[in-house]
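Here is how the chains run, residue by residue.
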Amino acid sequence: MYRESAKIKFTFGPDHILYTECIPNTIMTLEDGKESTRISAEMVNYEPRPLLCDLTHVVSMTQECRKHFAGPEHAATFSKCALIVNSPVSRLIGNFFLGLNKPLKPTRLFKSKEEGLKWLNE
Amino acid sequence: MIGRVAALDFSKTLSISDKNDMIDAIGLGLNMLSEELNTNVVERSKLDTVNSKLEKFAYTTAHDLRSPLNSITGLVTLLELTINPEENSEVHQYVVRLKKTTEQMKNLVQGILEYSIADTSSIEKQEIDLNEVFKEVIEIDQLSDCAIIKIENTLPKVVFNRSTMDQIIRNLLSNAIKYSDKKNCEITIRAKEADDHVLISICDNGPGIAKENQEKIFELFNKIDNESKIDSHGIGLATVKSVLEAVGEKIWVESTLNEGATFCFTLKKEKQGKGTLSGQSK
């Protein structure tokens, strides 16, 4: 299953993992975050699934958006979350997210999709 | 930008390019830190306002309750004198219970009042001799009648507010006696001087405090044993902690269950004449 929003591409594969990837130079706002959660929830049929989220092309994420991704609504949609952070900015956002926002669901940062998938499948 | 943030001005943000390189990451990091700091400062300010309102409310309520409670005490005494009930009669027992309940309520209100003003930052401090403070509290409260109290070494002089120190010592000594489960309650007071502070410890031979309760006992209205018949409102230790922390001091308990407890608190070594209890000059 594949869907797209203005900033994110969503793929829900047969492995029951939701893959999200942002388009280049994405600035994530609270509205984008909420829309992303809504689309994701519809795709996983409201059953918490693992998420592999590639943040590499994100250049900024607002405080409200980070709070939303760390909060209960997102935790109800995803059982665990692997964040792929391959650029300096995405690594910083990822570290901020883990350190300051403290997401409710298990969340880890990875440099490669393979490592992230391995952890999600554990 | 860092200068502005240091001055708690969070209006300035750095512009970020779309290169997604290390410079962008540093700029974005500073912007995000500034944003988080701003949120914390605003939330802290709101909490301070709410706390201040709550403290005022607690003080006013407790203060205003004292007057009718004193009237009730007087009226109960008058009632007792008027009806002059026979000892051990049902009426006599009711009057005794009424007096005891009123007294408990007065203690509770007094405790709330003391707690609500515990954070007062403008209390005058003076040089006080801890030996004298302990001696006076023990004498005035007649604590020697209920416990064997030993001061192990000569206690130092400190600069602190006298009545607050009385309050701290009175609370800690009376707690040791109140909760004692031994025929002879034994209390040992010690002082140990470190570089910049004095450590005072009050050690008892009571029932001790389980590890999981050693922080809870300092929380307001927290009574570890709700079934306990000991007359306690869970305010005393919270007040002691509050007054000590208000001036940057610490209090904690070291204890093993059934092996007594040692309450320790720190007092800074200070020279006299530095102003108020909080260190602010008047």
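Rules of the game
Every chain's residues receive numbers from 1 upward, in the order its sequence appears when written. Following the order in which they are written, the chains are lettered starting with A and the ligands numbered starting with 1. With the structure being a predicted model, the display of local features is reserved for residues of pLDDT at least 70 and the display and counting of side-chain atom pairs for 80 or more, all residues being used for whole-chain, interface and lining totals. Labels follow the DSSP assignment, with helices taken as runs of H or I lasting at least four residues and strands as runs of E lasting at least two, numbered in each case from the N terminus. Burial is judged by counting the other C-beta atoms within 10 Å of a residue's own C-beta: 20 or more makes it buried, 12 or fewer makes it exposed, and any count in between marks it as partly exposed, with every C-beta position built from the backbone. What counts as a contact here is a pair of residues whose C-beta atoms, placed from the backbone, lie within 7 Å. Think of it this way: DSSP has to see at least two bridges between two strands before they count as a pair. To obtain an axis, a line is fitted to C-alpha atoms, over the contacting stretch when the element is a helix, and the angle between two such axes runs from 0 to 180 degrees between their N-to-C directions. Side-chain classes follow a simple rule in which Ala, Val, Leu, Ile, Met, Phe, Trp, Tyr, Cys and Pro form the nonpolar group, Asp, Glu, Lys and Arg form the charged group, and the remainder, Gly included, forms the polar group. Confidence of the predictor at the level of single residues is captured by pLDDT, which takes values from 0 to 100. Each nonpolar core comprises buried Ala, Val, Leu, Ile, Met, Phe, Trp, Tyr and Cys residues, the members being joined through C-beta atoms within 7 Å.

Draft legend 1. The arrangement of the overall build of chain A in detail. Of regular secondary structure, chain A possesses 5 helices and 8 strands. Mapped from its N terminus to its C terminus, chain A presents α and β elements in the order β-β-β-β-α-β-β-α-α-β-α-β-α. Every one of the 122 residues in chain A was classed for burial, and the buried ones make up 36%. The contacts of chain A with a sequence gap of at least 6 include a subset with a gap of at least 24, amounting to 81%.

Draft legend 2. Region of interest: unusual backbone geometry. All names here are of chain B. The backbone phi angle of Asn84 is positive, close to 40°, even though this residue is not glycine. Despite not being glycine, Gln142 shows a phi value in the positive range, around 50°. With respect to the element layout, Gln142 can be found in the loop between helix H4 (130-140) and strand S2 (147-151).

Draft legend 3. Structural detail: the sheet that holds strand S7 (residues 261-268) of chain B. All names here are of chain B. Taking strand neighbours across the sheet as the criterion, the 5 strands line up as S2-S4-S5-S7-S6 in an open arrangement whose pairing is mixed. Each edge of the open sheet is held by one strand with a lone partner, namely S2 and strand S6 (251-255). Taken pair by pair, the neighbouring strands of this sheet meet at an average axis angle of 20°, ignoring direction. Pairing of S6 with S7, which is carried by 5 bridges, proceeds in the antiparallel orientation.

Draft legend 4. Spatial organisation of the environment of Glu36(B). Along the polypeptide, Glu36(B) turns up in helix H2 (residues 22-83). For the pair Glu36(B) and Phe10(B), spaced 26 residues apart in sequence, the C-alpha to C-alpha distance is 9.7 Å. In contact with Glu36(B), other than residues within four places in its own chain, are Gln63(A) and Leu100(A).

Draft legend 5. Highlighting the interface of chain A and chain B. Taken together, the contact between chain A and chain B spans 10 residues of the former and 13 residues of the latter. Elements represented by at least two residues in the side of chain A that touches chain B include exactly strand S6 (58-61) and helix H4 (88-101) of chain A. With 5 residues, the top contributor of residues to the side of chain A that touches chain B is H4(A). Broken down by class, the residue content of the side of chain A that touches chain B amounts to 6 nonpolar, 4 polar and no charged.

Draft legend 6. The confidence of the model for chain B, seen in detail. All names here are of chain B. Scored by pLDDT, chain B comes out at a mean of 84, with 88% of its residues at no less than 70. Mean pLDDT per element in chain B: helix H1 (residues 2-6) is the minimum at 69, and S6 is the maximum at 95. Scored below 50 in pLDDT, residues 272-282 makes 23 contacts in the model with residues more than four places away or belonging to other chains. Our summary of model confidence lists the complex with pTM equal to 0.56 and ipTM equal to 0.73.

Draft legend 7. Spatial organisation of the environment of Ser79(A). All names here are of chain A. Examined against the element boundaries, Ser79 turns out to sit in strand S7 (residues 78-84). Using a count of 17 C-beta atoms within 10 Å as the deciding quantity, one classes Ser79 as partly exposed. If we skip the residues at most four places from it in the chain, Ser79 touches Pro48, Arg49, Pro50 and Lys105.

Draft legend 8. Main features of the pairing of strand S2 (residues 8-12) of chain A. Residue and element names in this part refer to chain A. Where strand S1 (residues 2-4) and S2 come together, 3 bridges link them in antiparallel fashion. By the bridge assignment, Tyr2 is partnered in S2 with Thr11. In textbook terms, the turn of a hairpin is the stretch between consecutive antiparallel strands, and for S1 and S2 this stretch comprises 3 residues. Pairing analysis gives 5 bridges linking S2 to strand S3 (residues 18-22), with the strands arranged antiparallel. Bridging from a neighbouring strand, Thr11 pairs with Tyr19 of S3. Taken together, S2 and the strand that follows it, S3, pair antiparallel across an intervening segment of 5 residues, in which His16 is found at a positive phi of about 60°.

Draft legend 9. Quick look at the sheet that holds strand S8 (residues 107-110) of chain A. All names here are of chain A. If you trace the 6 strands from one edge of the open sheet to the other, you get S1-S2-S3-S5-S7-S8, paired in mixed fashion. Looking at which strands have only one partner, the edges of the open sheet turn out to be S1 and S8. In this sheet, adjacent strand axes meet at a mean angle of 20° when their direction is disregarded. The strands that helix H1 (residues 30-43) touches are S1, S2 and S3; relative to S2, the one it contacts most, it runs at about 15°.

Draft legend 10. Local environment of the nonpolar core. Of all hydrophobic cores here, the largest spans 36 residues; its most connected members are Ile169(B), Leu172(B), Leu173(B), Ile187(B) and Ile202(B). By residue number, the principal contributor to this core is helix H5 (residues 162-178) of chain B, which donates 6 residues. When residues no more than four places from it in sequence are discounted, the contact partners of Leu172(B) are Ile202(B), Val240(B) and Phe263(B). Listed in part, the 31 residues of the second largest apolar core include Met28(A), Leu55(A), Met61(A) and Phe110(A).

Draft legend 11. Broad picture of the environment of Ala6(A). All names here are of chain A. The topology assignment puts Ala6 in the loop between S1 and S2. The exposure class assigned to Ala6 is exposed, which follows from the 8 C-beta atoms found within 10 Å. With 16 residues separating them in the primary sequence, Ala6 and Cys22 have C-alpha atoms 9.3 Å apart.

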